[in-house]
Amino acid sequence: MTLFRSKRPSTDEICLNSCTEYHGGEGGDYSDTNMPVEGPYKRTNSRRRHRTDSESAKLLRDKSADGTCCMNLLSWCRRKEPSSRTVWIGRSAASSSGFPANVIKNQKYSIISFIPVVLFNQFKFFLNLYFLIMACSQFIPQLRIGYLYTYWGPLGFVIFVTMVREAIDDIKRWQRDREVNQSRYMKVTERGLVSVSSANLKVGDIIVVEKGVRAPADLVLLRTTESSGACFIRTDQLDGETDWKLRLAVPSTQAQIRDEDLLRMQASVYAEKPQKDIHSFIGKMSVLDADTTEESLGIENTIWCGAVVASGVATGLVVYTGPECRAAMNNSQPRSKVGLIDQELNGITKVLFIATIVLAVIMVALKGFDGPWYLYMFRFVLLFSYLIPISLRVNLDLGKIFYSWSIGRDNEIPGTQARSTTIPEELGRVTYLLSDKTGTLTMNQMIFKKLHMGTTSYSSDTFDELQSSIASELSEGRRLSKRSGASGKRHLGEREKITEAVTALALCHNVTPVYDEGSGQEGGDSLAESDRCREGPVSYQASSPDEVALVEWTATLGLKLTNRTLKHITLTGPDGSTLGYEILKMFPFTSETKRMGIILRDQSTGQIVFYMKGADTVMAPIVEYNDWLSEEVDNMAREGLRTLVVAKKNLSDEAYADFEQRHSAAMLSVVNRSAQVAAVVESLQRDMTLLCVTGVEDKLQDGVRQTLELLRNAGIRVWMLTGDKLETATCIAKSSQLVSRTQNIHIFKNVTSRSEAHQELNAFRRKQDTALVIQGSSLEVCLEYYEHELMELIALAPAVVACRCSPEQKAAVVRLLERHTGKISAAIGDGGNDVSMIQAASVGIGIVGKEGKQASLASDFSLSQFSHIGRLLLVHGRNSYKRSASLSQFVIHRGLIITVMQAVFSAVFYFSSVSLYQGFLMVGYATVYTMLPVFSLVLDRDVSAQIAIMYPELYKELTKGRSLTYKTFFIWCLISIYQGGIIMFGALLLFEDEFIHVVAISFTALILTELTMVALTIKTWHPLMLVAELASIIIYFLSLIILRDFFDSEFIKSVAFIWKTLVITALSCLPLYIIKFLSEWFSPPAYQKLQ
């Protein structure tokens, strides 16, 4: 198989045309006589003779040097914008070098770029750059105030931890990439099947993909082991959908007996330029035999990279590789979410930096601007640099990792996983929860509940009447179509209407029965095989659970789907008789059309019937006039049922032949194919006979009502954003108690103009404690004219239901809500249509459901069911936020207190810029001596999980963000100033003969004060906390013995040292404890009242 390039332009042509002009743009118009380019970067006339490789080489040798340079420049330009390509089957792939290699590379770094890139990413942040400058200044003798390791040690530790983490993550990515790139596949060659690695595949290769194996590149399906040319694929890792999808081989290549016969075909495949859309494809296969034939290619003829072959063995032609694959083009990085607590700490660190500069300026001013005062000021900035704790970022990151690990280890919410370790604290400050309906609040488990025929309605209590009617109508082989097929329209009796409606439901779908391997061979292409009745357990595969519910219901009435191939559907009647139908055309359901249809030929009568079903909004204009459809659909929706309207139309042979001709011509078009095909299909969708309306119930998930009530009591306002109709959404909101029984509901009228929107907004403004139900179209009109007014109103509503919303509207609502309120919102969903909403919210929560894992994989937190969100927010959210706030304050306090002591020391000793503590003492203070007790605060909790769930009102206090504010920050500043002053002045007052005694007393009192403050702050002791406290004390007292350069061994053994240290520690801690005790005694916090 060869991939030929079309004729290159001459040197003169290159000079006359710029690179962009010659490139010709993308997606231009093509006539039937013009084939698209044979390669990724240009187009040419299809009737032009293709050069051989030798002719092309001779032409290139004849070019001038200038022309060659221009050609190289042109080639470089072309690679920027890949275009469509024509791949020839049966020739060598000598020209495939212009396409990207089929290599998956998710690594962020290479061996060369790792260190520079990591360092750049670290030092682009102000704080790290600030400490780097401080550390580098120590190489200047005039600025050196201590040992180099006192500054380079903490900075190096932070950078080292970051580099190790990045290296581990990148090595894991490299290992995953290598595993994928080195996976082996069988390539079809003239020598037979040859094993090649995925990375060595090129555009134009023909490869064989076995059952259960993922496709290594984007393929056009040429052959399958099924004689019908069909195979099923799984795309859950591509689009998140768990259903199997049917794929069809190109008929002309499926007709080949062996894979090797493909190499001898004179055929080419045109493929559109690489696109992101995984649900569409425009292509064409041209077979150059005695009569040139063309076959249109669509999405049903493709297997995208990442899809897994679920049945049979597939042989495919590689058309896109590497970054041009659909999966790679859709791998966009979601926005990087930054927690609110990180933003608050960023503001606090800016205040600390300003305080450092101000304090240094004050010291220099008091010292006097004499001599090299700027050097003194820089030295003071260095001395006070501990005011900004470099360890804050490391402690918080480690804490977040621990919180995420705790969420995954909670046995009360099995299956829960934290996919992001950056925002667990946000779970404790959620004000709005925006939820999908289907699969999130409901189970996505459909049960057929009602059938309405216009004059008669049937429910589960009367389904036995339907069964007897169908059995009677189809008994002894009698068929309704036999009596009515040739006579045209006539009045039907009730039994005939029932049989027609149920038959339509049994035939109009995309469901495929799948039997156990022991019960028969799946598939088949012959009519006899189609008509064969299967025995044994059967399951149904379909793109929607609604489809399966309809087919399972018809089976209970006696019309059972027993087999389905590409061309035939076989039903089994109540008496065991076989009903065969030939599939002529299928029109799948799409989100744009909101309907699906099928054209069948009854094999017993030859009658051609067009069945269609879909949403009432799109089916109402299609069916003949009636006076009951709208009313009955609304009634079913009020009962919480999902409705479908079913219709039919008999076609004559002439009418179908005319339609087939026009449809085939539209399918061969490579320009605006979808629009042309839609226009042809819509010509059939007129004056159809309305058969029935179905009602299917989507059951609520377990614990939904209790969870919504829990969230409402916690002060969280829950919104429901759904694409379902207004009546169904309103019913689910009531049944799930999203809207409480005491609340009224205001249904926002459908508005189309500014004046109507203004009137409706005023009407809603006058109502109190009322939930709002609004449609997506009305929402869009209101946002266009009254965005601020609308958001102001609905932000205060106790509950909001937005129906008929598109995925883009869901994401827009989330962004607008957060922008207008400034509050944290969480979005939860289970389907691919919820991904944009999940990624737009501050906290994205995905549910692993029947619609697949796409929402779960795109989320920050993954749940197995909706009811788990209560514990996730009220318990884990509370603990994460409270612990991070406490941890941050102690890390800041640790830097503040030693800075205050340094300032007092410098002021007492004539404003000298000399460090109070030298060498290891400064490094050890923030690491080995105090790190474990301070970090052990991640184990603290103010209330138990049971109390947090029992009293959800406690959560309301968290959303106010009072645990970490500028108020609490300044309180800790005052505490640090008091304690630092007491320790330093106390040590100086008790000063004896040598300065080293001041260091021993003050540093020991400092360590004991920090450990005591941690102990006094802990609300619930954990065994590891006690271990951390004792370990730190033991390590420090061992240091007193070992570090003889910093401590007088004789002095620290004396009674004077002990009593002086204990007095200073008591004076620094005891008054604060008394104040805290009295404050909690007279004004206890809410959580303490419940203990």
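Residues numbered from 1 in each chain as written. Predicted model: local features only at pLDDT ≥ 70, side-chain atom pairs only at ≥ 80, totals over all residues. Heavy atoms only, no water.

In terms of helices and strands, the chain carries 41 helices and 33 strands. Long-range pairs, those at least 24 residues apart, make up 74% of the contacts in the chain between residues at least 6 apart in sequence. Surface exposure of the chain reaches about 48500 Å², of which carbon and sulfur atoms provide 57%. (Helix = DSSP H or I, 4+ residues; strand = E, 2+ residues; numbered from the N terminus. Contact = heavy atoms within 4.5 Å. Areas by Shrake-Rupley, 256 points an atom, 1.4 Å probe, with all protein chains shown as cover.)

A separate point is the sheet that holds strand β5 (residues 218-224). The strand order β3-β2-β4-β13-β5-β11 describes an open sheet built from six strands, whose pairing is antiparallel. A strand with exactly one partner marks an edge of an open sheet, and here the two such strands are β3 (192-197) and β11 (302-303). With four bridges joining them, strand β4 (residues 206-209) and strand β13 (residues 314-320) adopt antiparallel strand pairing. Within the sheet, the bridge partner assigned to Val-209 lies in β13 and is Ala-314. (Pairing = 2+ DSSP bridges.)

Take helix α23 (residues 704-713) next. Along α23, the positions that sit buried rather than exposed are Val-704, Thr-707, Leu-708, Leu-710 and Leu-711. Each buried residue of α23 lies within a common arc of 160 degrees when the element is viewed along its axis, so the set occupies one face. Along its buried surface, α23 packs onto β15 (430-435), β27 (717-721), α31 (869-908) and α34 (945-950). Remark: Gly-715 follows α23 within two positions and exhibits a positive phi of approximately 85 degrees. (Buried < 20%, exposed > 50% of the residue type's maximum accessible area, 1.4 Å probe, protein only. Arc of directions from axis to C-beta.)

Quick look at the side chain of Asp-170 now. Tracing the backbone shows Asp-170 in helix α7 (residues 149-181). Excluding residues within four positions of it along the chain, Asp-170 makes contact with Gln-107, Lys-108 and Tyr-109.

Along the chain, the position of Ile-1007 falls in helix α37 (residues 995-1017). Given the relative accessible area of 1%, Ile-1007 is considered buried. Ile-1007 sits 26 residues away from Ile-1033 along the chain, and the two C-alpha atoms are 8.5 Å apart. The contact partners of Ile-1007, leaving out residues within four places of it in the chain, are Tyr-925, Tyr-929, Thr-930 and Tyr-1036.

Two strands in a sheet stick together by hydrogen bonds in their backbones, pointing the same way (parallel) or opposite ways (antiparallel). Here nine strands make up an open sheet; going across it, the order is β14-β33-β32-β31-β15-β27-β30-β29-β28 and the pairing mixed. Of all strands in the sheet, those bounded by a partner on one side alone are β14 (417-418) and β28 (744-747). Taken together, the four bridges between strand β29 (residues 770-775) and strand β30 (residues 799-803) define a ladder with parallel strand orientation. In the strand pairing of β30, Gln-775 is matched with Cys-803. Along the sheet face, helix α25 (residues 754-765) touches β28 and β29 and points at about 175 degrees away from the line of β28. (Axes fitted to C-alpha atoms, helices over the stretch in contact; angles between N-to-C directions.)

Going through the model one piece at a time under the given rule, you end up with 27 salt bridges. Here Glu-344 ties to Arg-429 by a salt bridge, and the two come within 3.0 Å at their closest N and O atoms. Remark: Arg-429 occurs in the loop between β14 and β15 and Glu-344 occurs in helix α11 (residues 340-367); sequence separation between them is 85 residues. A residue is classified by how much of its surface remains accessible, and Arg-429, at 6% relative accessible area, is buried. In this structure, the salt-bridge partner of Glu-957 is Lys-960, at a minimum N-O distance of 3.7 Å. For Lys-960, a relative accessible area of 46% translates into the label partly exposed. (Salt bridge = Lys/Arg side-chain N within 4 Å of Asp/Glu carboxyl O.)

Below, the discussion takes up helix α38 (residues 1023-1042). Taking 1.5 Å per residue as the helical rise, α38 with its 20 residues ought to reach 28 Å, and the 29 Å between its terminal C-alpha atoms agrees with that figure. What α38 keeps buried is the set Met-1025, Ala-1028, Glu-1029, Ser-1032, Tyr-1036, Ser-1039 and Leu-1040. Across the axial projection of α38, the buried residues extend over an arc of 110 degrees, all falling on one side. What points out from α38, more than 90 degrees from its buried face, is the exposed set Pro-1023, Val-1027, Ile-1034, Ile-1041 and Ile-1042. Where α38 is buried, its residues contact α33 (931-935), α37, α39 (1049-1052) and α40 (1055-1082). (Expected span 1.5 Å × (residues − 1).)

Before going further, it helps to examine unusual backbone geometry. Notably, Asp-687 is not glycine yet its phi reads approximately 50 degrees, a positive angle. Topologically, Asp-687 is positioned in the loop between α22 (673-682) and β26 (689-700). Despite not being glycine, Tyr-910 has its phi angle at roughly 60 degrees, a positive value. Within the secondary structure, Tyr-910 is located in the loop between α31 and α32 (920-926).

Attention shifts here to a nonpolar patch on the surface. Taken together, the side chains of Leu-1016, Leu-1070, Tyr-1073, Ile-1074, Phe-1077, Leu-1078, Trp-1081 and Phe-1082 define a hydrophobic patch exposed on the protein surface, amounting to about 860 Å² of accessible area. The dominant element in the nonpolar patch, judged by the number of residues it contributes, is α40, at seven residues. Residue position: Ile-1074 is located in helix α40. The partly exposed category is assigned to Ile-1074, whose relative accessible area is 42%. (Patch = residues over 30% accessible without salt bridge, like charges linked within 9 Å, V, L, I, M, F, W, Y side chains within 5 Å.)

Let's shift gears to the packing of α31 against helix α36 (residues 966-989). For the pair α31 and α36, interaxial distance at closest approach is 8 Å and the crossing angle is 40 degrees. Classed by the angle they form, the pair α31 and α36 counts as oblique. The chirality of how α31 crosses α36 is right-handed. Grouping the amino acids of the contact of α31 with α36 by side-chain chemistry returns 18 nonpolar, seven polar and no charged. (Parallel < 35°, antiparallel > 145°, perpendicular 65-115°, else oblique. Left-handed = near helix turned anticlockwise from the far one by under 90°. Nonpolar A, V, L, I, M, F, W, Y, C, P; charged D, E, K, R; others polar.)

Further remarks concern the nonpolar core. Residues Leu-433, Leu-711, Phe-866, Ile-869 and Leu-873 are the most contacted members of the largest nonpolar core, which totals 102 residues. Filtering out sequence-adjacent residues up to four positions away, Leu-711 remains in contact with Leu-433, Ile-716, Val-718, Phe-866, Ile-869, Gly-870, Leu-873 and Leu-874. Leu-451, Leu-474, Ala-506 and Trp-553 belong to the second largest nonpolar core, which has 42 residues in total. (Core = buried A, V, L, I, M, F, W, Y, C linked by side-chain atoms within 4.5 Å.)

A few words on the pairing of strand β16 (residues 442-452). In this sheet, β26 lies alongside β16 in antiparallel orientation, the contact comprising seven bridges. Opposite Ile-447, over in β26, you have Glu-697 as the bridge partner. Two elements, β16 and strand β17 (residues 457-459), share three bridges in a ladder whose sense is antiparallel. By the bridge assignment for β17, Leu-451 is matched with Tyr-458. Hairpin connection between β16 and β17: a loop of four residues separates the two successive antiparallel strands, and Gly-454 in this loop has a positive phi of roughly 105 degrees.

Our next topic: the packing of α11 against helix α12 (residues 373-383). Between α11 and α12, the least distance of the axes is 9 Å, while the angle of their chain directions is 140 degrees. Between α11 and α12, the angle falls in the class oblique. Pair α11 / α12 crosses with right-handed handedness. Of α12, the residues touching α11 (which contributes Thr-356, Ile-357, Ala-360, Val-361, Met-363, Val-364 and Lys-367) are Trp-373, Tyr-376, Met-377, Phe-380 and Val-381. Considered class by class, the residues forming the contact of α11 with α12 number ten nonpolar, one polar and one charged.

The topology assignment puts Phe-353 in helix α11. The class for Phe-353 is partly exposed, based on a relative accessible area of 24%. Setting aside its immediate chain neighbours within four residues, Phe-353 contacts Phe-126, Tyr-130 and Ile-388.

Once that is clear, we can look at the confidence of the model for the chain. Of all residues in the chain, 86% have pLDDT values of 70 or greater, and the mean over the chain is 82. Within the model, pLDDT remains below 50 along residues 1-79, and this stretch shows 137 contacts once partners closer than five positions in the same chain are excluded. In this model residues 518-533 is a low-confidence stretch, pLDDT under 50, and it forms 35 contacts with partners more than four residues away in sequence or in other chains. (pLDDT = per-residue confidence, 0-100.)

Attention now moves to the environment of Lys-105. With respect to the helices, strands and loops of the structure, Lys-105 is situated in the loop between β1 (85-89) and α5 (114-123). Put simply, Lys-105 and Arg-178 are 73 residues apart on the chain and 8.6 Å apart in space, counted from C-alpha to C-alpha.

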